[in-house]
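Structure at a glance
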Amino acid sequence: MKRILSALDYGIKGSLGIWKGALIIWLASFVFMGLVKIPLRGALSAGVGFSMATERLADGIDMEILGDIGIDRLGSILFTTAGSATLASLFSFLLNIFLSGGVFDYLKDTTNKFSFPVFFSASARNFKSFFSIKLLSGLLLSVLLVFIYLFIVLFNLSASLYIKIIVLALAIVLSLLYIQILAVTDYARAKRALNPGMKGTKALEIGFKTVFSNILPFFLATVFVSAIQLVVVIFVIRGIIGWVPRSGSALFALFVATQLLYLVNVHLKIWRFGTVTYLMRQISVNPGCRKKNVIPEPCTEGGTTE
Amino acid sequence: MKRCLLILLLFQFLADITVAQIINPVALSDRVTGYKIDAVLDPSTKIVSGKMEAYWVNISDDEVVDIMMHLYMNAFKSGNTTMYKELGGLPGQKRENLGWIEILSFTGEDGLDLMPNMSFISPDDGNPNDSTVLRVVLPAPARPGDTVKIYVDFDTKLPLCTRRTGFNEDFFFVAQWFPKFGVYEPAGMRYSDGAWNCHQFHANSEFYSNHSLYEVNITAPSEYVVGSCGLLLSETDDGSSKTGRWRAEDIVDFAWTAWPGYEVYSDKWNHVNISLLIPAKRSKQVERQFNAVKNGLEFFTENVGRYPWPYITVVDPPTKGQASGGMEYTTLFTSQSSDFMPDYFYLPEMVTVHEFGHAYFMGILATNEFEEPWMDEGMNTFFEQRIMDHYWGERTSMINHPVFGISDKMTGRIAYVASPSKSFVSNNEYSWNYPNETYSIMSYMKASLWLYSLMGIVGEDTMNNIFREYYNRWAFKHPCATDFIDVVNDVVSKDHGDKFGENMDWFFGQTLYGTGVCDYEVVDIRNVKSVLNPGWINSTIFLSNKGDMCLPVEVLVGFDDGTEVVEQWDGKGEYKELTFSGEKKVEWTKIDPDYKNRLDIDFINNSMSLKRDKIPIRRITDKIMMAIQFFPFCFLG
């Protein structure tokens, strides 16, 4: 438990120490989302012109009014928006991978002062490996999410208590697995950041072995930070999406609030990265304290020892 | 005198053939037809074997040489029937999944074999492969007041569940299953000559029948749960099969269902016992269904008329019987749902309210669904949307989610506005003649929209008065469009005098019989400083009628000092200017500010403000951005 608390402590300090990096992540996301928002806003504004029918949008989306923009026009707006959203999400995904290279590099030793050249050079150095790690784990996480969703649906569909219990148990197991895969992903990236010559797939392999050999600390630390992240997400769903600002200042407040929450989420994520990085280093240095048959990973070609 | 004699004869006959009233204290209709059927379901062969004794009374002044009957089930016989031709064929269907009805014997009152007198006719399209209308030449013409009695043995092979009827594994929904009389319409009732109104089964059409008395004995395996349009009077069970004795009075059709998986729930609203047959796994939806039926009963009772039967049966078919969902049989109807139905999605409520409403528009007010489908579907959609909005919220009556809401009324208008075919045809068309998928857009959506527009013109109170009068005048009869228009003219004249002209024919000429669209627009607002009177401003508002209809609308004008003025525009002419002079500027204008004219195909151009409100669009785009920004980031590590 002490080690988990130390890891959380290390992570939170790392997260706060890299606030400039967090701002860069936020800024990148902001710019990419702007690429979706600005054309969409322009198209919708052109669609309604100087009409007062927008009054009916005061309480939220009014499909009757949006429909009157014209199915063809609305269709092309939605098609364009979906296209630009997909592109923006893709670039955002790549940029996130890129920037997380700098973040993990910083987190391997938080006593160093944050520097932009080091941050970006580490981002570039880690990109290829991080890409493979993120791609593989992202696929796995997506599959798990789909199955968790399906089990939840099955739970609601089923009338039999027996099936309900089985389905619920499966959903819980998959959710736990989901958390653990998150830890594996973080571990692999932390590992790769420490060993610049290591391939992403190798780092992922080591991540699976180590995290599943030391389930408890990784799980508890990850679930703790993820739970806080989840609270933020629930707050966003319940509070922000349901909030209907009616004045310019309220709208600006909504905008600021959402961006602040996004920034908070970035920090929470970095906290998780830092926590896992700390645990990785601890377990690699002294593997026997958790499980006697775990052998410290060998250094890979050109890698540094820990 | 002759008419009186006929009526006396009819009552005498009714007194003779019907046992004492069981369901209602008095007969609600003339009961021109009646049926006694013994039906046995064989789940293995999917065949219902029937022995039927039926009568038809000639209430016309004509000597009628034949009778005509619907054999609807023959529509499922092959890919060459009129229904399947209209649907584009029947590719790949196995024979065991087809449906048909076979007449085994057909005799008259004196035991005379009428089989040689039978022939299939196709009055609508002449299709020789369609056998959904049976003509039987009578041995002697039926004179005015005569009763024709027939005895028919038949086998009905049910199709794999499709178009409101059939089987799927052990599920059975048995509709359109017995030989049913067409409607003999006396001269002047609809057409100038008396004739049978008996159309073929089409892809886009429903039904038309007389209010009848039904006494039906249904035999099914003991483990089956059976529900029907009738009231269960008694049931016997020999251990392997059970026979229920059902009776229904004054309804236009008789359908029934049998499936071992139903759970039966009961509830009550005033005098009406409500039974719900629903799959066990949908037990969470029971209250939702009852609530919908009760709301329908309350709203219709208040605004149209009393629901006259003491019972109603709601069937929520299982997933494998979905094709029988969403259909009406007056005292029984099928809803539409799924095993997993989110609380915020009111589809089951909407379908239940709609199908219940058909107890009025089609059941009590038995219009001809073949020839004037708007009179049942359009009117009923209008009431369905009103009920959904009234009880489930004006913006949320279809989906009520914190992130997104939409009302039932909105979905109907969106479908109409989006349809590229909305001007192809009028509402005054036979159901099977609607081209290019326009049947539902016209019969359901457009009719509902112009009924809303009519309500916008005459007011909600008058609209309710119209439907109360329509009910009072035409309950348990067969009204047609002109009968409804007469009611509208009478009630509007009574409530408003000549405010809207001599009558409302101008409205129906454009909406019911016309093919045009309605589209008003505020083109521009100009404020010009007066040269002659310093400090004065001459304001002009330019309005345009871009559509084909001329319906009266209000124009609300707002000034920069916060005052408002209401102007009336009769909608005539393509163009109109409103001018104002004074010390204040016109700041905004709204045509039809309360969106009462739901026929208008573009609400956006109905208003204009010189001060543009950017906030709603900014809010929508900000939230979309937030969703894209947030969620992938949070969930994918």
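The rules behind the values
- Residues numbered from 1 in each chain as written.
- Chains lettered and ligands numbered in written order.
- Predicted model: local features only at pLDDT ≥ 70, side-chain atom pairs only at ≥ 80, totals over all residues.
- Helix = DSSP H or I, 4+ residues; strand = E, 2+ residues; numbered from the N terminus.
- Buried ≥ 20, exposed ≤ 12 C-beta atoms within 10 Å, placed from the backbone.
- Pairing = 2+ DSSP bridges.
- Domains from an automatic or database assignment.
- Nonpolar A, V, L, I, M, F, W, Y, C, P; charged D, E, K, R; others polar.
- Contact = placed C-beta atoms within 7 Å.
- Core = buried A, V, L, I, M, F, W, Y, C linked by C-beta atoms within 7 Å.
- Axes fitted to C-alpha atoms, helices over the stretch in contact; angles between N-to-C directions.
- Parallel < 35°, antiparallel > 145°, perpendicular 65-115°, else oblique.

What follows deals with the overall build of chain A. Along the backbone of chain A there are nine helices and zero strands. Helices and strands appear in chain A in the N-to-C order α-α-α-α-α-α-α-α-α. Expressed as lengths along the three principal axes of its C-alpha atoms, the size of chain A is roughly 70 × 60 × 30 Å. Taken over 306 residues, chain A has a buried fraction of 37%.

On to the sheet that holds strand S6 (residues 133-142) of chain B. All names here are of chain B. Pairing is antiparallel across the open sheet formed by four strands, whose spatial order is S5-S6-S3-S10. In this open sheet, the two strands that pair with only one neighbour each are strand S5 (118-120) and strand S10 (180-181). Bridge analysis of strand S3 (residues 64-70) against S10 gives two bridges, and the strand direction is antiparallel. The residue bridging Met 69 from the neighbouring strand is Phe 181, located in S10.

All names here are of chain B. Split by domain assignment, chain B resolves into domain 1 (2-260), domain 2 (381-511) and domain 3 (520-616). The distance between the C-alpha centroids of domain 1 and domain 2 comes to 31 Å. Considered class by class, the residues forming the side of domain 1 that touches domain 2 number three nonpolar, five polar and four charged.

Attention now moves to the interface of chain B and chain A. How large an interface is tends to be reported as the accessible area lost when its parts come together. Between chain B and chain A, the contact holds 49 residues from the first and 54 residues from the second. Where the side of chain B that touches chain A is concerned, the elements lending two or more residues are strand S24 (405-406), helix H6 (408-418), strand S30 (586-591), strand S31 (607-609) and helix H11 (615-635) of chain B. Top element by residues in the side of chain B that touches chain A is H11 of chain B. It accounts for 19 residues. By residue class, the composition of the side of chain B that touches chain A is 28 nonpolar, eight polar and 13 charged.

In terms of nonpolar packing, the biggest core is built from 234 residues, with Val 276 of chain A together with Phe 172 and Val 174 of chain B touching the most fellow members. Apart from the residues within four sequence positions on either side, Phe 172 of chain B is in contact with Leu 41, Leu 158, Phe 167, Thr 257, Ala 258 and Trp 259 of chain B.

The relative placement of two packed helices comes down to the angle between their axes together with the axis-to-axis distance. Residue and element names in this part refer to chain A. Put simply, helix H2 (residues 19-48) and helix H4 (residues 71-107) touch, their axes get as near as 8 Å, and they point 175° apart. Taken together, H2 and H4 sit at an angle that is classed as roughly antiparallel. Split by residue class, the contact of H2 with H4 holds 19 nonpolar, eight polar and one charged.

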